[in-house]
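Reading the structure
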Amino acid sequence: MAFPTTRLRRLRRTDAMRSFVRETRLSPEGFVYPLFVCPGEGIRKEIRSMPGVYNLSVDEAVKEALEVKSLGIPSIILFGLPETKDEIATGAWADDGIVQKAARAIKREVPSLLLMGDVCLCEYMSHGHCGIVKKTGAPKGSETEYEILNDPSLEILAKTAVSQARAGMDIIAPSDMMDGRVAAIRKGLDASGFENIPVLSYAAKFASGFYGPFREAADSAPAFGDRRSYQMDSANLREAMREIQADLDEGADMIMVKPALAYLDVIAEARRRFDVPLAAYQVSGEYAMIKAAAQNNWIDHDRVMMETLTSIQRAGASIILTYFAKDVARLLA
Ligand code: PBG
């Protein structure tokens, strides 16, 4: 049936009608809010490039967790800024590591909040890479001067996951992109009696310019080189499907695509192919761009926030990690 019988504008005339036929309904129920925990007490230091996001000491992180819960957001993901860094990422797996301390304190005060642990080593390594680094003997300054060792890093990642589970994390989320890390982590968790703790793998994580502000927030910029030898090339959709398949074969319970906005096709294809819960991470740079443009009055903050998040959900993500979680929850309330 064509025009004039069909008039698509009939269903767009009023707010009530538009809302009635809306296909995608955003709600905080699938949101995860990231927290950056730092040493000290009473610390609440705003991250310059991420207005409204803070480095929080454990006591402040507990307050933040209470607020998040009260806004109807079910989950937080914890990142840590350790007191000291070294070349074996001790701060990542120490039982009194910053993230472990925060998890214990938050679990005590807000037991029903789902605690997600980001398992990665970059924040805890003096060189800022996500694995153990070896000098290869290749010419200085060449691309292969340093190698990020895969297999030796797996052991540390598994140890980190176990120590996070012991501290009360409900979900383990590896973000390092080493090959085989989901299997190593699953094995480690099972061997320590955590067979009921699920793994949400950052399965398709791209080497992205959108992580800029995060590296300031978590103080994790690589001291040399970049992450392209382990994170994915942004041009590759088919390879992303192989990464996801590999993580599922190794036992991942849920998968993630990251970043979100520049990878909506990857989200959509993952949704079509894989019948597991699918998460997307709207990363620091996506957040910072919207905040900065809105501060200049170049775009409408709330509209663009909702539009981008709706697009991520429409593409197929049912879980969204976003620094806007609190803003959206307030707007929808
Ligand atoms: C750790 C990690 C990163 C992010 C999440 N986990 C940074 C990176 O890979 O460089 C980025 C999150 C963001 O930008 O908001 N590897």
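Residues numbered from 1 in each chain as written. Predicted model: local features only at pLDDT ≥ 70, side-chain atom pairs only at ≥ 80, totals over all residues. Heavy atoms only, no water.

**Some words on the nonpolar core**
The test is simple: Here, nonpolar core refers to any group of buried Ala, Val, Leu, Ile, Met, Phe, Trp, Tyr and Cys residues whose side-chain atoms link them within 4.5 Å. For the exposure calls, accessible area comes from a 1.4 Å probe over protein chains only, and a residue counts as buried if that area is under 20% of its type's maximum, exposed if over 50%, partly exposed in between. Every residue pair with non-hydrogen atoms within 4.5 Å of one another is taken to be in contact.
Counting residues in hydrophobic clusters, the biggest one holds 113 residues, and the most contacted among them are F36, I76, L78 and I106. Excluding anything up to four places from it in sequence, L78 contacts L35, V37, V99, A102, A103, I106, M116, D118 and M169.

**Re the layout of surface pockets**
Taking a probe equal in size to a water molecule and rolling it over the atoms shows the remaining empty space. To keep it simple, the criterion reads: Cavity: a set of points on a 1 Å grid over the protein atoms alone where a 1.4 Å probe fits but cannot get out. Pocket: an open set with protein on both sides within 12 Å along at least five of seven lines, its lining residues, like those of a cavity, having an atom within 4 Å of a point. Grid points are joined across faces, edges and corners, and a volume is the space filled by probe spheres set on the points. Only DSSP runs of H or I reaching four residues or more are called helices, and only runs of E reaching two or more are called strands; each is numbered from the N terminus. The nonpolar class holds Ala, Val, Leu, Ile, Met, Phe, Trp, Tyr, Cys and Pro. Asp, Glu, Lys and Arg form the charged class, and all remaining residues, Gly among them, are polar.
In this model, the largest pocket occupies a volume close to 360 Å³. Taken together, D15, S19, R22, E23, T24, R25, L26, M306, T310, R314 and L332 make up the lining of the largest pocket. Elements with a contribution of two residues or more to the lining of the largest pocket: helix 1 (15-20) and helix 11 (301-315). Per-element tally for the lining of the largest pocket: the top contributor is helix 11, with three residues. Looking at the lining of the largest pocket, its residues break down into three nonpolar, three polar and five charged.

**Things to note about the pattern of salt bridges**
For clarity, the cut-off: Every case where a carboxyl oxygen of Asp or Glu lies within 4 Å of a side-chain nitrogen of Lys or Arg is listed as a salt bridge.
A complete count under the given rule lists 21 salt bridges for this structure. Where E64 meets R44, a salt bridge forms, and the shortest distance between an N and an O atom there is 3.1 Å. Remark: R44 occurs in strand 2 (residues 44-47) and E64 occurs in helix 2 (residues 58-70); sequence separation between them is 20 residues. With relative accessibility at 2%, the residue E64 sits in the buried group. A salt bridge links R273 to E269, with the shortest nitrogen-to-oxygen separation between them at 2.9 Å. Taken together, the positions of R273 and E269, both in helix 9 (residues 264-273) and four residues apart, correspond to about one turn of that helix. Judged by its relative accessible area of 45%, R273 falls in the partly exposed class.

**Some words on the side chain of D118**
Convention followed: Charge assignment in this entry is limited to Lys and Arg as positive and Asp and Glu as negative, and neither His nor the chain termini are counted. Counting of polar contacts relies on pairs of N or O atoms within 3.5 Å, with two restrictions inside protein: one atom must be capable of donating a hydrogen and the other of accepting it, and residues adjacent in sequence are counted only when both atoms are side-chain atoms.
Looking at the element boundaries, D118 is found in strand 5 (residues 114-119). Of the side chains bearing the opposite charge, K258 lies closest to the buried D118, which forms no salt bridge; the N-O distance is 5.8 Å. A distance of 3.1 Å separates the side chain of D118 from the side chain of S175, its partner in a polar contact. Among the polar contacts listed, one links the side chain of D118 to the side chain of Y202, at a separation of 2.7 Å.

**Quick look at the site of the ligand**
Keep this limit in mind: Throughout this document, a residue counts as near a molecule or strand when at least one of its heavy atoms sits within 4 Å of that molecule or strand. Throughout, a molecule is located in a cavity or pocket provided that more than half of its atoms lie within 2 Å of its grid points.
Taken together, 17 residues are adjacent to the ligand, and K205, R215, K258, S284 and Y323 come closest. Separating an oxygen atom of the ligand from a side-chain N or O atom of R227 is a distance of 2.9 Å. The separation between a nitrogen atom of the ligand and a polar side-chain atom of K258 is 3.3 Å. Most atoms of the ligand, that is more than half of them, are within 2 Å of grid points of the largest cavity. In terms of residue class, the shell around the ligand is made up of nine nonpolar, three polar and five charged.

**Observations regarding helix 4 (residues 98-109)**
Counted only if it meets this: Take the number of residues in a helix, subtract one, and multiply by 1.5 Å to get its expected span.
Its twelve residues place the ends of helix 4 17 Å apart at the C-alpha level, agreeing with the 16 Å of an ideal helix rising 1.5 Å per residue. Among the residues making up helix 4, those that are buried are I98, V99, Q100, A102, A103, A105 and I106. Where helix 4 is buried, its residues contact strand 1 (31-37), helix 2, strand 4 (75-80), helix 3 (90-93), strand 5 and helix 5 (151-166).

**A look at the pairing of strand 10 (residues 254-258)**
Regular strands place side chains that alternate from one sheet face to the opposite one. Keep this limit in mind: Strands are treated as partners if at least two bridges between them are detected by DSSP.
Strand 10 sits mainly inside the fold: five of its five residues count as buried. Here strand 10 shows a buried face lined by M254, M256 and K258 and a second buried face lined by I255 and V257. Two elements, strand 9 (residues 200-205) and strand 10, share four bridges in a ladder whose sense is parallel. The partner of L200 across the bridge, within strand 10, is M254. Sheet topology note: the strand 10/strand 11 (residues 278-282) ladder contains three bridges and is parallel. Across the sheet, M256 pairs through a bridge with A279, a residue of strand 11.

**Structural notes on unusual backbone geometry**
Peptide bonds are, in most cases, trans, and in most cases residues other than glycine have a negative phi. The residue after F3, namely P4, is reached through a cis peptide bond having omega 10 degrees. Residue placement: P4 occurs in the segment before helix 1. Geometrically, the link from K258 to P259 is a cis peptide bond, its omega value of -10 degrees lying close to zero. With respect to the helices and strands, the residue P259 is situated in the loop between strand 10 and helix 9. With phi around 50 degrees, D219 is a residue other than glycine that occupies positive phi space. On the secondary structure map, D219 appears in the loop between helix 7 (212-217) and helix 8 (237-249). Despite not being glycine, N297 shows a phi value in the positive range, around 60 degrees. Looking at the secondary structure, you find N297 in the loop between helix 10 (284-295) and helix 11.

Distances and angles like these do not, on their own, reveal function.
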